[in-house]
Amino acid sequence: MPKIHQSRLRRWVSRAPWVAPIIVVAAVLLRVGVSGSVADAAAPAQPTLAELKADFARPKTTPFPADDPYSKAKAHLGELLFWDPILSGSGTQSCASCHNPGLSWTDGLRLGVGTQAMKTHTPTMLNIAWAPVLGWDGHFPSLEAVAFSGPITNPGIMNRKPDDLIKALSAIPGYRAAFAAAFADHAVTETHIADALATFERTIVSGPAPFDRWIDGDENAISAQAKHGFALFTGKAGCSNCHIGWAFTDEGFYDIGTATGDDIGRARLFPNTVKLKYAFKVPTLRDVARRAPYMHNGSEATLADVIDLYDRGGIDRPSRADFIKPLHLTAQEKADLIAFLDTLTSDPKPTDSPVLPR
Ligand code: HEC
Ligand code: HEC
């Protein structure tokens, strides 16, 4: 079975763990059926560099769901709402206070700080249009579901009552006009607020980086060291078993050794699936050099710390992901991996905060 097919299978399994046994049986039957023995078929063909590069090519368009399609007016309204501290009970904190574009849409802190200290690190908003489920443990079923079941109403985060927010927005002529432009019924409602925020968030896509120019054929776009780092990333270090696709995530959930105790991650939703204990969402690696610290708990201060964590091989326990094991990287190899990760940093692009209606 070619490598990419295996990783697509895994992606599916980690999203829907109950299908795993069916796939294993089917895969064994398939191998036996085609080659006569499981052992014969076990050695995968090595992918060529061109095939590897193709696994990471940028998509041409951003996906928007049929029940919340893109419109310019809706994205504009969503941008206003994202930046507006009117969304918080105290009137001092906006989504952008924590998801700050200047800090790669996060906050530079180990853990988020709302009205109270949060238990998790603020994730970036980059490339979340492609994420099938949201949150470090995947408990939000859609981007639309995040705003009100997550930050806005949570007393520990923005602490705003939906009715009060709707009243406050309805009292501002500029907002009434923006809702009228975005929605046929002109109404200021919870659903419209959530849809507009989600539409704006889907427009937050990482820009082209030196890595993209390299896979497009410019051999000088990245250094020889970074190319060696890419070979390690897709080879000895095994990173692309999970960080695959143009955004460098298979959108799966794995235990890589960042959590202990009752910080059980996705097992909160799937308590009986061994591999989902201490499993968290694979983050995008686009622009990753811009947003230390790292991981769901902000536990790794630098990219060098991240590489050391993988080199140690996580924590040996039943939930540990299959691809996490001691890597025995040399100091040179660690530096090469970091040089490669740096090539995912896009060209700087200033983001201005919009003028808010008042
Ligand atoms: C006080 C800081 C803070 C504020 C304010 C805040 N967030 Fe977040 N956000 C977080 C943290 C922390 C998480 C991770 C939650 C988790 O999964 O444990 C998060 C997660 C998310 C996610 C999921 C991202 C992913 O990769 O899965 C989305 C989407 C999101 N926030 C959107 C918003 C929107 C929209 C607002 C404004 C209405 C907002 N946030 C306000 C800190 C904040
Ligand atoms: C088994 C799947 C898997 C493999 C293999 C893997 N990762 Fe990860 N990676 C993850 C998960 C899951 C997280 C988030 C864990 C958490 O938040 O606790 C993560 C987080 C990261 C982060 C932090 C990103 C952020 O925004 O916080 C970086 C950087 C990273 N990985 C790089 C690598 C590199 C380099 C390799 C190879 C040495 C690698 N990963 C191998 C699954 C994997």
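Computed from a predicted model, the values in this text were never measured in an experiment.

Asker: Please clarify how the overall build of the protein chain should be interpreted in this entry.
Answerer: Of regular secondary structure, the protein chain possesses 14 helices and two strands. Among the 358 residues that make up the protein chain, the fraction classed as buried is 49%. Of the contacts made within the protein chain by residues no fewer than 6 positions apart, 67% connect residues no fewer than 24 positions apart. Element-wise, carbon and sulfur atoms account for 60% of the exposed surface of the protein chain, whose accessible area totals about 17,000 Å².

Asker: Quick question: what am I supposed to make of the coordination of the iron atom of ligand 2 here?
Answerer: Geometry reference: four tetrahedral donors at a metal, ideal angle 109.5 degrees. Six octahedral donors, ideal angles 90 or 180 degrees. Looking at the metal site, the iron atom of ligand 2 is ligated by His243 (NE2) and Tyr310 (OH), spaced 1.8 to 2.1 Å from it. Between the six donor atoms coordinating the iron atom of ligand 2, the angles at the centre fall across 83 to 179°, so the site counts as octahedral. Remark: Tyr310 occurs in helix α13 (residues 303-312) and His243 occurs in the loop between α12 (224-234) and β1 (253-254); sequence separation between them is 67 residues.

Asker: Looking at this model, I keep getting lost on the environment of Val205. Mind explaining?
Answerer: Locating Val205 in the fold gives a position in the loop between α10 (190-202) and α11 (210-215). With sequence-adjacent residues up to four places away left out, Val205 is seen in contact with Arg58, Thr62, Leu126, Asn127, Trp130, Trp246 and Lys349.

Asker: Would you mind showing me how to read the packing of aromatic side chains here?
Answerer: Think of a pair of aromatic rings as described by two things: how far the centres are apart, and how the planes are tilted against each other in angle. Within this structure, the stated rule accounts for 19 aromatic pairs. Counting every residue linked through ring pairs, the aromatic cluster contains Phe56, Phe211, Trp214, Phe230, Phe233, Phe248 and Phe340.

Asker: How should I be thinking about the pattern of salt bridges in this particular structure?
Answerer: Between side chains of opposite charge, pairing is possible as soon as their charged atoms come close. What the rule picks out here adds up to 17 salt bridges. Close ionic contact of Asp212 with Arg58 constitutes a salt bridge, the shortest N to O distance being 3.7 Å. With Asp212 in helix α11 and Arg58 in the loop between α4 (49-54) and α5 (72-83), this residue pair connects regions lying 154 residues apart in the sequence. By relative accessible area, Asp212 is classed as buried at 4%. With a closest N to O distance of 2.8 Å, Lys227 and Glu219 form a salt bridge. Look at the salt bridges and you will find they share partners, linking Asp68, Lys74, Glu144 and Arg202 into a network.

Asker: Help me understand the site of ligand 1 in this model?
Answerer: The environment of ligand 1 is made up of 26 residues, and the closest members are Cys95, Cys98, His99, Thr120 and Gly135. At 2.8 Å, a backbone N or O of Trp136 approaches an oxygen atom of ligand 1. Between ligand 1 and the protein, one listed contact pairs an oxygen atom with a side-chain N or O atom of Lys281 at 2.9 Å. Of all the secondary structure elements, the ones that give two or more residues to the shell around ligand 1 are α6 (95-98) and α7 (143-149).

Asker: Is there a simple way to explain the site of ligand 2 in this structure?
Answerer: What surrounds ligand 2 is a group of 25 residues, the closest being Cys239, Cys242, His243, Thr258 and Tyr310. Contact distances for ligand 2 include 2.5 Å between an oxygen atom and a side-chain N or O atom of Thr258. Here His296 contributes a backbone N or O atom positioned 2.6 Å from an oxygen atom of ligand 2. Elements represented by at least two residues in the shell around ligand 2 include exactly β2 (280-281) and α13. The element contributing the most residues to the shell around ligand 2 is α13, with four residues. Considered class by class, the residues forming the shell around ligand 2 number 19 nonpolar, four polar and two charged.

Asker: Where do I start with unusual backbone geometry in this structure?
Answerer: When glycine is set aside, most residues are seen to have a negative phi, and most peptide bonds are trans. In this structure, the amide linkage connecting Ala292 to the following residue, Pro293, adopts the cis form with an omega of -5°. Considering the arrangement of structural elements, one finds Pro293 in the loop between β2 and α13. Unusually for a residue other than glycine, Met295 sits at a positive phi of about 85°. According to the relative accessible area criterion, Met295 is buried, its value standing at 12%.

Asker: Where do I start with the coordination of the iron atom of ligand 1 in this structure?
Answerer: Among all protein atoms, only His99 (NE2) binds the iron atom of ligand 1, sitting 2.1 Å from it. Along the chain, the position of His99 falls in the loop between α6 and α7.

Asker: Would you mind showing me how to read the side chain of Asp84 here?
Answerer: Positionally, Asp84 belongs in the loop between α5 and α6. What makes Asp84 buried here is its relative accessible area of 0%. Within the structure, the side chain of Asp84 is placed 2.5 Å from the side chain of Arg358, a separation counted as a polar contact. For Asp84, the contacting residues outside a window of four places in its chain are Gln93, Ser94, Tyr175, Leu356 and Arg358.

Asker: Is there a simple way to think about the packing of α12 against helix α14 (residues 331-342) in this case?
Answerer: To describe two helices that pack against each other, one gives the angle between their axes and the distance between the axes. It is the contact of α12 with α14, at a shortest axis distance of 7 Å, that shows an interaxial angle of 100°. If you check the angle between α12 and α14, you find them roughly perpendicular. Contact with α12, carried on its side by Gln225, Ala226, His228, Gly229, Phe230, Leu232 and Phe233, involves Gln332, Glu333, Ala335, Asp336, Leu337, Ala339, Phe340 and Leu341 of α14 and no other residues of that element. The residue makeup of the contact of α12 with α14, split by class, is nine nonpolar, four polar and two charged.

Asker: Would you explain the confidence of the model for the protein chain in this entry?
Answerer: Caution applies to low-pLDDT parts of the model: their predicted coordinates are not meant to be read in detail. The predicted model of the protein chain has a mean per-residue pLDDT of 90, with 88% of residues at 70 or higher. Confidence drops under a pLDDT of 50 for residues 1-41, and excluding neighbours within four residues, the segment shows 45 contacts in the predicted structure.

Asker: Can you help me understand α13 in this one?
Answerer: Because an α-helix packs 3.6 residues into every turn, residues spaced three or four apart end up facing the same way. Buried residues of α13: Leu303, Val306, Ile307, Leu309 and Asp311, and no others. Summarising the contacts, the buried residues of α13 are in contact with α14. The first or second residue beyond α13 is Gly313, which carries a positive phi of 85°.

Thresholds, definitions, all that
- Residues numbered from 1 in each chain as written.
- Chains lettered and ligands numbered in written order.
- Predicted model: local features only at pLDDT ≥ 70, side-chain atom pairs only at ≥ 80, totals over all residues.
- Heavy atoms only, no water.
- Helix = DSSP H or I, 4+ residues; strand = E, 2+ residues; numbered from the N terminus.
- Buried < 20%, exposed > 50% of the residue type's maximum accessible area, 1.4 Å probe, protein only.
- Contact = heavy atoms within 4.5 Å.
- Areas by Shrake-Rupley, 256 points an atom, 1.4 Å probe, with all protein chains shown as cover.
- Donors = N, O, S within 2.8 Å, 3.2 Å for Na, K, Ca; no water.
- Tetrahedral: all angles 85-135°; square planar, octahedral: opposite > 155°, others 65-115°.
- Phe/Tyr/Trp six-rings, centres within 6.5 Å; stacked < 30°, edge-to-face > 60°.
- Salt bridge = Lys/Arg side-chain N within 4 Å of Asp/Glu carboxyl O.
- Near = heavy atom within 4 Å.
- Polar contact = N/O pair within 3.5 Å; in protein donor to acceptor, adjacent residues only side chain to side chain.
- Nonpolar A, V, L, I, M, F, W, Y, C, P; charged D, E, K, R; others polar.
- Axes fitted to C-alpha atoms, helices over the stretch in contact; angles between N-to-C directions.
- Parallel < 35°, antiparallel > 145°, perpendicular 65-115°, else oblique.
- pLDDT = per-residue confidence, 0-100.

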